[in-house]
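What follows is the residue order along each chain.
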Amino acid sequence: MENKDILDEQASGDPQQPDNLTTENVTEEEAVSVNGGEPAESEATPSSDDLVAETATADRGKAGSELAELKDKYLRLYADFENFRRRTAKEKLELISNANEGVLKALIPVVDDFERAMQSIESTNDVAALKEGVSLIYNKLFKTLEGKGLKPMISKGETFNADLHESVTQFPAPSDDLKGKVIDEIEKGYYLNDKVIRFAKVIVGS
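Residues numbered from 1 in each chain as written. Predicted model: local features only at pLDDT ≥ 70, side-chain atom pairs only at ≥ 80, totals over all residues. Heavy atoms only, no water.

## Some remarks on the nonpolar core
Okay, step 1: Listed in full, the six residues of the largest apolar core are Met153, Val182, Tyr191, Ala200, Val202 and Val204.
Okay, step 2: In terms of residue count, the dominant contributor to this core is strand E6 (residues 200–205) (three residues).
Okay, step 3: The contacts of Val204, once residues within four sequence positions are left out, are Phe160, Ser167, Thr169, Gln170, Phe171, Gly180, Lys181 and Ile183. (Core = buried A, V, L, I, M, F, W, Y, C linked by side-chain atoms within 4.5 Å. Buried < 20%, exposed > 50% of the residue type's maximum accessible area, 1.4 Å probe, protein only. Helix = DSSP H or I, 4+ residues; strand = E, 2+ residues; numbered from the N terminus. Contact = heavy atoms within 4.5 Å.)

Written out as structure tokens, the structure is:
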């Protein structure tokens, strides 16, 4: 009996801990089985490489759409410019080919007068009438040209100007005040809207 009492005292004084309650080397699954819960899911945080890749992809998509838009605008602008260039070239050719149309239309009535005058020369002996007719035609022609901007140049008695005159020769001036001036005019010069279109051929006093 004494041995039995001793064993009972040892059992009550030094109780054994259950094996499954030890904290050393406890795995997650064991902790779950002990606690009766479920393992906590760790939150997935994107890495910096993933963020950079997503940003690069978004930038490429935006740049691609902008590039397509700019390309479309360029093609439209180029097409408009080509149409404008062709239209301008065509208008320029038409302008050059028809530049004298207005002048020629204005001169046609003068040509008609000359034709009638030539017919009159063959059938009349009245010289005075012929002179009068030619004078009328000349005045009509001159007024027509003046209406188109033609203006005769007055050179005689003016100081020689190389921008207006072309010196054919030099003669001794009849007076000192005519030295270096135009003393005679061989061929009259003309302006077209204040632009010299023909230089006057003159004789200059020396």
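Here the narrative resumes.
## Quick notes on unusual backbone geometry
Okay, step 1: In this structure, Asn193 is a non-glycine residue whose phi angle is positive, near 55°.
Okay, step 2: As for its position among the elements, Asn193 is in the loop between strand E4 (190–192) and strand E5 (195–198).
Okay, step 3: Positive phi is not limited to glycine here, since Asp194 has a value of about 70°.

## Some thoughts on the sheet that holds strand E1 (residues 150–152)
Okay, step 1: An order of E1-E4-E5 is seen for the three strands of this open sheet, with the pairing classed as antiparallel. The sheet terminates laterally at E1 and E5, the two strands that pair on one side only. On average, each strand axis in the sheet is inclined to that of its neighbour by 40°, with strand direction left out of account.
Okay, step 2: Bridge count for E4 against E5 is three bridges, and the pairing is antiparallel. (Pairing = 2+ DSSP bridges. Axes fitted to C-alpha atoms, helices over the stretch in contact; angles between N-to-C directions.)

## Looking at the environment of Tyr190
Okay, step 1: By the element assignment, Tyr190 lies in strand E4.
Okay, step 2: Those residues in contact with Tyr190, other than ones at most four positions away along the chain, are Leu150, Lys151, Pro152, Met153, Lys195, Val196, Ile197 and Arg198.

## Focus on the packing of helix H4 (residues 101–123) against helix H5 (residues 127–147)
Okay, step 1: Remark: H4 packs on H5, axes separated minimally by 10 Å, with the N-to-C direction vectors making an angle of 170°. With respect to H5, the axis of H4 lies roughly antiparallel. On the side of H4, the interface is formed by Ala106, Leu107, Pro109, Val110, Asp113, Phe114, Ala117, Ser120 and Ile121, while H5 contributes Leu130, Ile137, Lys140, Leu141, Thr144 and Leu145.
Okay, step 2: Looking at the contact of H4 with H5 residue by residue, the classes come out as 11 nonpolar, two polar and two charged. (Parallel < 35°, antiparallel > 145°, perpendicular 65-115°, else oblique. Nonpolar A, V, L, I, M, F, W, Y, C, P; charged D, E, K, R; others polar.)

## Considering the pattern of salt bridges
Okay, step 1: All chains considered together, the criterion is met by 11 salt bridges.
Okay, step 2: For the salt bridge of Lys105 with Glu101, the shortest nitrogen-to-oxygen distance reads 3.3 Å. Taken together, the residues span about one helical turn, with Lys105 and Glu101 both in helix H4 at a distance of four residues.
Okay, step 3: Judged by relative accessible area, which is 55%, Lys105 ranks as exposed.
Okay, step 4: Judged by its relative accessible area of 39%, Glu101 is partly exposed.
Okay, step 5: Among the ionic contacts, a cluster of salt bridges with common partners joins Glu82, Arg85 and Arg86. (Salt bridge = Lys/Arg side-chain N within 4 Å of Asp/Glu carboxyl O.)

## Description of the confidence of the model for the chain
Okay, step 1: On average, the chain scores 78 in pLDDT, and the residues at 70 or more come to 72%.
Okay, step 2: Across the chain, the element-wise mean pLDDT spans from 45 in helix H2 (residues 28–35) up to 94 in E4. (pLDDT = per-residue confidence, 0-100.)

## Notes on H4
Because each turn of an α-helix spans 3.6 residues, side chains separated by three or four positions in sequence point in the same direction.
Okay, step 1: Taking 1.5 Å per residue, 23 residues should reach 33 Å; H4 reaches 34 Å between its end C-alpha atoms and fits that length.
Okay, step 2: In H4, a bend of some 30° at Ile108 exceeds every other bend along the element, and Pro109, a proline, comes one to four places later.
Okay, step 3: All buried positions along H4 are accounted for by Val110, Asp113 and Ala117.
Okay, step 4: Turning to H4, the residues buried within the fold contact H5. (Expected span 1.5 Å × (residues − 1). Bend = angle between axes of the 7 residues up to and from the residue.)

## Some thoughts on the sheet that holds strand E3 (residues 182–187)
Okay, step 1: Strand order across the open sheet formed by three strands is E2-E6-E3, with mixed pairing between neighbours. Of all strands in the sheet, those bounded by a partner on one side alone are strand E2 (165–171) and E3. In this sheet, neighbouring strand axes are inclined to one another by 30° on average, regardless of whether the strands run parallel or antiparallel.
Okay, step 2: In this sheet, E6 lies alongside E3 in antiparallel orientation, the contact comprising four bridges. Across the sheet, Glu185 pairs through a bridge with Val202, a residue of E6.

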